[in-house]
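Each chain, written out:
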Amino acid sequence: MQELNITIRNKVGLHARPAALFVKAAKGFKSKILVSKDNRVADAKSILNVLTLGAGQGANVTLRAEGEDEADAIGALKDLIESNFGEPE
Amino acid sequence: MQSLKGIPASEGIAIGPAFVYHPVAISVERHVVADTEAELARFHAAVERSKEQLVQVQREAQATVGSNTAAIFEAHRMFLEDPTLLDAIEERIRGGQNAEVALADGINLFAAMLAALDDSYLRERAADVHDVGQRVLRVLAGVEEKALSSIHTPAIVVAQDLTPSDTAQMNKELVLGFCTASGGTTSHTAILARMIGLPAIVGAGDQVLQIQQGETIILDGTSGEAILAPDDATLSIYREHRVAWVAAREAAKGAAQLPAVTRDGHRFEIVANIGDAESAKSALEFGAEGVGLLRTEFLFLDRAAMPSEEEQYRAYLEVAKVMGKRPVIVRTLDIGGDKPVPYLNLGQEANPFLGWRAIRISLAQPELFKTQLRAILRAGAGYNLKIMLPMIATLSEIKQARRLLDEARQELSERRIEFAESIELGIMVEIPSAAITSDLLAPEVDFFSIGTNDLTQYTLACDRTNTRVAGLYDHLHPCILRLIRTVIENGHRFGKWVGVCGEMAGDLDAIPVLVGLGLDEFSMSAATIPATKSLIRQLDLGAMRELAEQVLNVATAEQVRSLVRAAATNPRA
């Protein structure tokens, strides 16, 4: 299993377009991927789950992936979050 | 012949067949399913069909209303691919529920979760989840969607009420007007109708839903009356009304393109306050003769780092290209601690409106300021851009800004990049100190633009968004009028033109006074330009000068208003 703690820095957080991009990226991997904040856990491939997590700007989240491509999955989601979901710099 | 009365929401006359829009609400009945596999297959087929519909709807919306609204339908499609939602529904079907009940339960569960969150964006998504649930239910029931996208001939849209996702798919070219059972003057239907200039009646009651599909109706958006089954005599009267209204509408559009000249031949410049190239285009349609205030904050908000010179240059150039040779006044960054701008380190302030903001930040962060100045100078090459500094309180701020402007020019010439060699530099007069000492500032600037919103707030020391003190806020208070007179006189004494770029410039009660005080330029939101021009054409400058003298000597804003209105009923007085 791969695990990573990361802070959401983009303006709207894991809402709207960023949430959609996050879920699309997660769906690209075979591994089971969970994203948790405080004591709530969401399936990273479920847009409704991710939205209801309420991870706004500044939220600390934990990503956990388990499966054959777990390392790649965590790497890709980390890059996406760190790029602020492609919002212009 | 029958007449229905509603709230007049948008002016004009429409005559034509009704297109009655009934979004179908599907009732869900519970029954026990023996063959759960077949029921699962039925559910999956309905989901696939719904996703195909959404692709189609999204494509239509993209073409008619643009990508932002179209993105709603992409979100709908993602909901139908959501594993937790699908799992919840499938589990219920495996437990023997029919697809309709399972779907409705699953949808309600997730919509309730979203609706319970303390976030308006997510609460709106709850409506989207319901919306997508209704779509799948319609497919399961075999009910065809009678969408507004199926309007193929000109018609008057009749409905309970209309939401943005209803009107997103509507071909606006074919809509003659709107008539809704519910809603008020600020409902989506009313706002849309006024924006696109179509007659509308809202809140006319449930009787409107009895109107037959294709029945000819007359809509009078000015009186709020809808006439059903009109007889020939009534029809011919209203046909004449419609011809007159269409002619008047075209004339108003045409007249807005002409200059604002008083009866006695004095011309005033009417320009627009805008935020980007898109609003620049619409400002031209409303008859703007240029841009009196280009807000640049949009480039700086909602992002993690400062916009580069190149990005700013392209944004300013885009607006300049729309305006061609017309003047465009670019206001430099006007932001303070009330806005979250992470990369500026604004911090928390007890009094953000009296704090570190606007020109104060720009002068303290010269690289940030010069980056913006270089971008404006470059975009100004071949166009008529001017620079305006917000929140100037003292003379030394103008001198510092000029030095930085010289440095920015120097840097560009060292880089051998084309830029506007000479560019006008003006200031916003929005702090009382600047108005009072405008004789000291005038020699150092090329123009003054009075920001009446902030000038009023600062002079009367009242926050207009605080309901307990908002009553004090009135830009027609004699204290504001006296400051404006001072600024205009001092500007003119040094040969500098003076404008107003607050809401006051488009206030029909204030315009006669500003004309009388000798203001040169009026900058306002574009939609108020046609009415402003039409008012100025009815005025006589000589009479307005006398009016201005009078109003400067009364004690209250109410007295000012009543004098203006008395003069307006007799513009030559």
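Calculation rules
- Residues numbered from 1 in each chain as written.
- Chains lettered and ligands numbered in written order.
- Predicted model: local features only at pLDDT ≥ 70, side-chain atom pairs only at ≥ 80, totals over all residues.
- Heavy atoms only, no water.
- Disulfide = S-S within 2.5 Å.
- Buried < 20%, exposed > 50% of the residue type's maximum accessible area, 1.4 Å probe, protein only.
- Helix = DSSP H or I, 4+ residues; strand = E, 2+ residues; numbered from the N terminus.
- Expected span 1.5 Å × (residues − 1).
- Pairing = 2+ DSSP bridges.
- Axes fitted to C-alpha atoms, helices over the stretch in contact; angles between N-to-C directions.
- Contact = heavy atoms within 4.5 Å.
- Parallel < 35°, antiparallel > 145°, perpendicular 65-115°, else oblique.
- Left-handed = near helix turned anticlockwise from the far one by under 90°.
- Salt bridge = Lys/Arg side-chain N within 4 Å of Asp/Glu carboxyl O.
- Polar contact = N/O pair within 3.5 Å; in protein donor to acceptor, adjacent residues only side chain to side chain.
- Nonpolar A, V, L, I, M, F, W, Y, C, P; charged D, E, K, R; others polar.
- Core = buried A, V, L, I, M, F, W, Y, C linked by side-chain atoms within 4.5 Å.
- pLDDT = per-residue confidence, 0-100.
- Phe/Tyr/Trp six-rings, centres within 6.5 Å; stacked < 30°, edge-to-face > 60°.
- Lys NZ or Arg CZ within 6 Å of the ring centre and 35° of its normal.

Asker: Got a minute to help me understand the state of the cysteines in this structure?
Answerer: The term disulfide refers to a covalent linkage connecting the sulfur atoms of a pair of cysteines. All names here are of chain B. Under the definition given, this model contains zero disulfides over all chains. A disulfide-free cysteine, cysteine 462 has its sulfur positioned 9.6 Å from the sulfur of cysteine 479, the nearest such atom. Take cysteine 462: its relative accessible area is 4%, and that puts it in the buried class. Residue cysteine 479 is classed as partly exposed on the basis of its relative accessible area of 22%.

Asker: How should helix α3 (residues 83-94) of chain B be read in this particular structure?
Answerer: Residue pairs spaced three or four apart in an α-helix point in one direction, given the helix's 3.6 residues per turn. Residue and element names in this part refer to chain B. With twelve residues, α3 should reach 16 Å at 1.5 Å per residue; the first-to-last C-alpha distance of 16 Å fits that figure. For α3, the complete set of buried residues consists of Thr84, Leu85, Leu86, Ala88, Ile89, Glu90 and Ile93. Residue glycine 96 follows α3 closely and has a positive phi angle near 105°.

Asker: What am I meant to see in the sheet that holds strand β2 (residues 7-10) of chain B here?
Answerer: All names here are of chain B. If you walk across this open sheet you meet the eight strands as β1-β8-β7-β3-β4-β5-β6-β2, and the pairing is mixed. The open sheet terminates on both sides in strands that have one partner only, identified here as β1 (2-5) and β2. Each adjacent strand pair in this sheet contributes to an overall mean axis angle of 30°, direction not counted. In the packing of helix α8 (residues 232-256) onto the sheet, contacts are made with β3 (13-21), β7 (216-220) and β8 (225-228), and the angle to β3 comes to roughly 105°.

Asker: Looking at this structure, how should I read the sheet that holds strand β2 (residues 32-37) of chain A?
Answerer: Consider a sheet: its strands pair through backbone hydrogen bonds, and that pairing is either parallel or antiparallel. All names here are of chain A. The sheet built from four strands is open, its strands ordered β1-β4-β2-β3 with antiparallel pairing. Looking at strand neighbours, the two that pair on one side only are β1 (2-7) and β3 (40-43), the edges of this open sheet. Each neighbouring strand pair of the sheet contributes to a mean axis angle of 25°, computed without reference to strand direction. The pairing of β2 with strand β4 (residues 60-66) spans five bridges and is antiparallel. Within β4, the position partnered with valine 35 by the bridge is leucine 63. With respect to the sheet, helix α3 (residues 70-82) is in contact with β1, β2 and β4, its orientation differing from that of β1 by roughly 5°.

Asker: Explain the packing of helix α1 (residues 16-27) of chain A against α3 of chain A to me, please; I cannot follow it from the model alone.
Answerer: In a packed pair of helices, the relevant descriptors are the angle between the two axes and the axis-to-axis distance. Residue and element names in this part refer to chain A. For the pair α1 and α3, the least separation of the axes is 10 Å and the interaxial angle reads 165°. Taken together, α1 and α3 sit at an angle that is classed as roughly antiparallel. Handedness of the crossing formed by α1 with α3: right-handed. Contacts between α1 and α3 pair Leu21, Phe22, Ala25 and Ala26 from the former with Leu77, Leu80 and Ile81 from the latter.

Asker: Would you mind showing me how to read the pattern of salt bridges here?
Answerer: Opposite charge on two side chains lets them pair, provided their charged atoms get close. Residues and elements named next belong to chain B. On inspection of all chains with the given rule, the structure shows 32 salt bridges over all chains. The salt bridge partner of arginine 92 is aspartate 105, with a shortest N-O separation of 3.9 Å. Of this pair, arginine 92 sits in helix α3 while aspartate 105 is found in helix α4 (residues 99-115), placing the two residues 13 residues apart along the sequence. Measuring nitrogen to oxygen at the nearest pair gives 3.6 Å for the salt bridge that ties lysine 370 to glutamate 367. With lysine 370 and glutamate 367 both in helix α12 (residues 366-379) and three residues apart, the pair spans about one turn of that helix. If you follow the salt bridges from partner to partner, you end up with Glu309, Glu310, Glu367, Lys370, Arg374, Arg378, Glu407, Glu411 and Arg415 in one network.

Asker: Honestly, α1 of chain A in this entry has me stumped. Any pointers?
Answerer: Helix length check: α1 of chain A, at twelve residues, gives a terminal C-alpha distance of 17 Å against a target of 16 Å (1.5 Å per residue), a fit within 8%. Of the residues making up α1 of chain A, those classed as buried are Pro18, Ala19, Ala20, Phe22, Val23 and Ala26 of chain A.

Asker: Help me understand the interface of chain B and chain A in this model?
Answerer: Contacts between chain B and chain A engage 23 residues on the former and 19 residues on the latter. Put simply, chain B and chain A have two salt bridges between them. Of the charged contacts, one joins glutamate 74 of chain B and lysine 24 of chain A as a salt bridge, the two residues approaching to 2.9 Å between their closest N and O atoms. Here chain B and chain A share seven residue pairs in polar contact (both at pLDDT 80 or more) between them. When residues of the side of chain B that touches chain A are traced back to their parent elements, those giving at least two are α2 (67-79), α3, α4 and α5 (120-141) of chain B. Here the residues of the side of chain B that touches chain A are counted per class, giving 15 nonpolar, one polar and seven charged.

Asker: I'm lost on the packing of helix α16 (residues 452-459) of chain B against helix α17 (residues 478-493) of chain B in this one. Help?
Answerer: Residue and element names in this part refer to chain B. Viewed as axis vectors pointing N to C, α16 and α17 meet at an angle of 125°, and their least axial separation amounts to 10 Å. When the axis of α16 is compared with that of α17, the two are oblique. Pair α16 / α17 crosses with right-handed handedness. Note on element contacts: α17 touches α16 through Cys479, Ile480, Leu483 and Ile484, opposite Thr452, Leu455, Thr456 and Thr459. The residue makeup of the contact of α16 with α17, split by class, is five nonpolar, three polar and no charged.

Asker: I would appreciate a short explanation of the nonpolar core in the present structure.
Answerer: Looking at soluble globular proteins, one finds that nonpolar side chains tend to be buried together. One finds Tyr316, Leu389, Ile427, Phe448, Val515 and Phe522 of chain B to be the most contacted residues of the largest nonpolar core, which totals 104 residues. Setting aside residues no more than four positions away along its own chain, valine 515 of chain B makes contact with Thr262, Phe268, Phe522, Ile536, Leu539, Leu541 and Met544 of chain B.

Asker: Even after reading the chapter, I still don't get the confidence of the model for chain B, so can you show me in this structure?
Answerer: On average, residues of chain B carry a pLDDT of 89, and 94% of them reach 70 or more. Predicted complex metrics record ipTM = 0.82 and pTM = 0.58.

Asker: What is the right way to read the side chain of arginine 135 of chain B from this model?
Answerer: Inspection of the secondary structure assignment puts arginine 135 of chain B in helix α5. In this structure arginine 135 of chain B comes out as buried when scored by relative accessible area, which is 5%.

Asker: Quick question: what am I supposed to make of the packing of aromatic side chains here?
Answerer: Residue and element names in this part refer to chain B. For the coordinates displayed, the defined rule picks out two aromatic pairs over all chains. Measuring from centroid to centroid gives 4.7 Å for phenylalanine 447 and tryptophan 497, while their planes differ by 5°, and the two rings are stacked. Of the two residues, phenylalanine 447 is situated in strand β15 (residues 447-450) and tryptophan 497 in strand β16 (residues 497-500); the sequence distance between them amounts to 50 residues. With relative accessibility at 0%, the residue phenylalanine 447 sits in the buried group. The ring of tyrosine 313 has arginine 378 lying over it, and the distance from NZ or CZ to the ring centre is 4.1 Å.

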